[in-house]
Amino acid sequence: MADTTETTGARPVHAEAAVPRLSRRRLNTGSLATHLVLSLGALVMVFPFLWQALTALKSLAEVSRVPPTFLPENWNWSSFDQVFTALPFREMLTNSALATAGRTAGQLVFCSLAAYAFARMRFRGRDLLFGLFLSVLMVPSSLLVLPQYDIIQQFGLLNSTPALFLPGMFSAFGTFLLRQAFLALPKELEEAARIDGAGSFRIFWSIMLPLIRPALAALAVITAMTAWNDLLWPLIVNTDPEAMPISAGLTSLKGQYETNYPVMMAGSLIASLPMLLVYVFLQRHFVQSVAFSGSKG
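Being a predicted model, the structure only gives us computed values, none of them experimental. (Residues numbered from 1 in each chain as written. Predicted model: local features only at pLDDT ≥ 70, side-chain atom pairs only at ≥ 80, totals over all residues. Heavy atoms only, no water.)

Here the residue pair valine 66 and proline 67 is connected by a cis peptide bond, since its omega of 0° sits within 30 degrees of zero. Here proline 67 lies in the loop between helix 2 (60-63) and helix 3 (78-86). (Helix = DSSP H or I, 4+ residues; strand = E, 2+ residues; numbered from the N terminus.)

Shown next as structure tokens:
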């Protein structure tokens, strides 16, 4: 009887131990499938950059070959030297950096001030004025090119660095994004600061603005990428090669009958590195902003 009881009593123990093993197998299978899908998605996203780098390391004859080859037969690094001789590349990179910095700084300053006024201050016609601001988002940016060009021409700023960033120092999108971040902050912070005698600008600068740092970082990343990749406006206002940004300068490498694709890909690869560094530096704040916006619904 003792042996039978021990054997029958041991069966439920083995049955209970089998349940975690089964769940672990299911968990491992699901995790493996998730990582496989994410790896395929990452490969699809990285492949254009990999193809760009490999094209820059090929010769012009190898690039024109049909069918194309994936890896270069002879690793040619001369394209990275030729891009600095074919274009005033350093001047163009400097122009792009100054235009991006000016446009990003302008939007962070002006959009944050306007967003704080729309979110935390009460004045007559506030909602109507904010609706007019949002209506600008429905206007195509190409329709604003001619009036903006006339303004820049009247100020005598053609073929200059300020002409690249002055029209983009304010945006309705940036105001809307930061306004939503200000609205998510509790009113008790502002009320406590007013009790302590702080004014509106003091509350904005010392209390509210540091709390929306993730939203500011997200706006900085979006604005910097837009300014760095802008093509239409620089081609209109700056026709001097030494006054062009790198986005407009790379288009001059495209010839009428033949294009040196290795040199163009080398220049594009160098031009994309600063934006990658900006995103890596602000990635944590950018992800926090997206998660914070999603949690507020």
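Text resumes after the structure shown.
In this fold, threonine 223 is placed in helix 11 (residues 213-229). Polar side-chain contacts of threonine 223 include one of 2.7 Å to the backbone oxygen of leucine 219. Those residues in contact with threonine 223 that lie beyond four places of it in its chain are Arg103, Thr104 and Gln107. (Polar contact = N/O pair within 3.5 Å; in protein donor to acceptor, adjacent residues only side chain to side chain. Contact = heavy atoms within 4.5 Å.)

Under the definition given, this model contains 5 salt bridges. Here arginine 103 makes a salt bridge to aspartate 230, at a shortest N to O gap of 3.7 Å. One end of the pair, arginine 103, is in helix 4 (residues 89-120); the other, aspartate 230, is in the loop between helix 11 and helix 12 (232-237), with 127 residues separating them in the sequence. Taking the relative accessible area as the measure of exposure, arginine 103 reaches 16% and is therefore buried. Within the structure, one salt-bridge network assembled from shared partners comprises Arg120, Glu190 and Arg194. (Salt bridge = Lys/Arg side-chain N within 4 Å of Asp/Glu carboxyl O. Buried < 20%, exposed > 50% of the residue type's maximum accessible area, 1.4 Å probe, protein only.)

What follows concerns the UniProt feature "transmembrane region" (unreviewed entry) in the protein chain. According to UniProt, the positions carrying the feature "transmembrane region" (unreviewed entry) are residues 32-51, 97-119, 128-149, 161-182, 203-228 and 261-282. With 100% helix and 0% strand, residues 97-119 has its two end C-alpha atoms placed 32 Å apart. Here residues 161-182 runs as 68% helix and 0% strand, with 33 Å between its end C-alpha atoms. (UniProt positions renumbered as here; feature names shortened; annotations may be inferred.)

Its volume calculated, the largest pocket comes out at about 730 Å³. If you trace the largest pocket, you find 25 residues lining it, with Arg103, Ser141, Gly168, Phe170 and Ser171 closest to the centre. When contributions to the lining of the largest pocket are tallied by element, the ones reaching two or more residues are helix 4, helix 6 (145-154), helix 8 (172-183), helix 11 and helix 12. Classifying every residue of the lining of the largest pocket by side-chain character gives 15 nonpolar, 8 polar and 2 charged. The space that makes up the second largest pocket amounts to roughly 380 Å³. Lining the second largest pocket are 16 residues, and of these Trp228, Asn229, Ala271, Ser272 and Met275 lie nearest its centre. Put simply, the parts of the chain that give the lining of the second largest pocket at least two residues each are helix 1 (2-56), helix 11, helix 13 (246-249) and helix 14 (261-296). Ranked by residues supplied to the lining of the second largest pocket, first place goes to helix 14 with 7 residues. (1 Å grid on protein atoms, 1.4 Å probe; cavity = no way out; pocket = protein on both sides within 12 Å on 5 of 7 lines; lining within 4 Å. Points joined across faces, edges and corners; volume = space filled by probe spheres on them. Nonpolar A, V, L, I, M, F, W, Y, C, P; charged D, E, K, R; others polar.)

Next up on the list: the environment of threonine 94. Here threonine 94 lies in helix 4. Sequence separation between threonine 94 and isoleucine 246 is 152 residues, and the spatial gap between their C-alpha atoms is 8.6 Å. Engagement of the side chain of threonine 94 in a polar contact is seen with the backbone oxygen of arginine 90, the distance being 2.9 Å.

It is worth spelling out the packing of aromatic side chains at this point. Within the structure shown, the criterion is met by 14 aromatic pairs. Arranged with centres 5.5 Å apart and planes meeting at 75°, the rings of tyrosine 116 and phenylalanine 182 form a pair that is edge-to-face. Placement of tyrosine 116 in helix 4 and of phenylalanine 182 in helix 8 is noted, with a sequence separation of 66 residues between them. Each member of the pair, tyrosine 116 together with phenylalanine 182, is buried. Plain terms: the ring middles of phenylalanine 118 and phenylalanine 123 are 6.3 Å apart, the flat faces sit at 45° to each other, and that makes the pair tilted. Classification of phenylalanine 123 as partly exposed rests on a relative accessible area of 36%. In textbook terms, an aromatic cluster arises when at least three aromatic residues are bridged by ring pairs, as seen for Tyr116, Phe182, Phe201, Phe204 and Trp205. (Phe/Tyr/Trp six-rings, centres within 6.5 Å; stacked < 30°, edge-to-face > 60°.)

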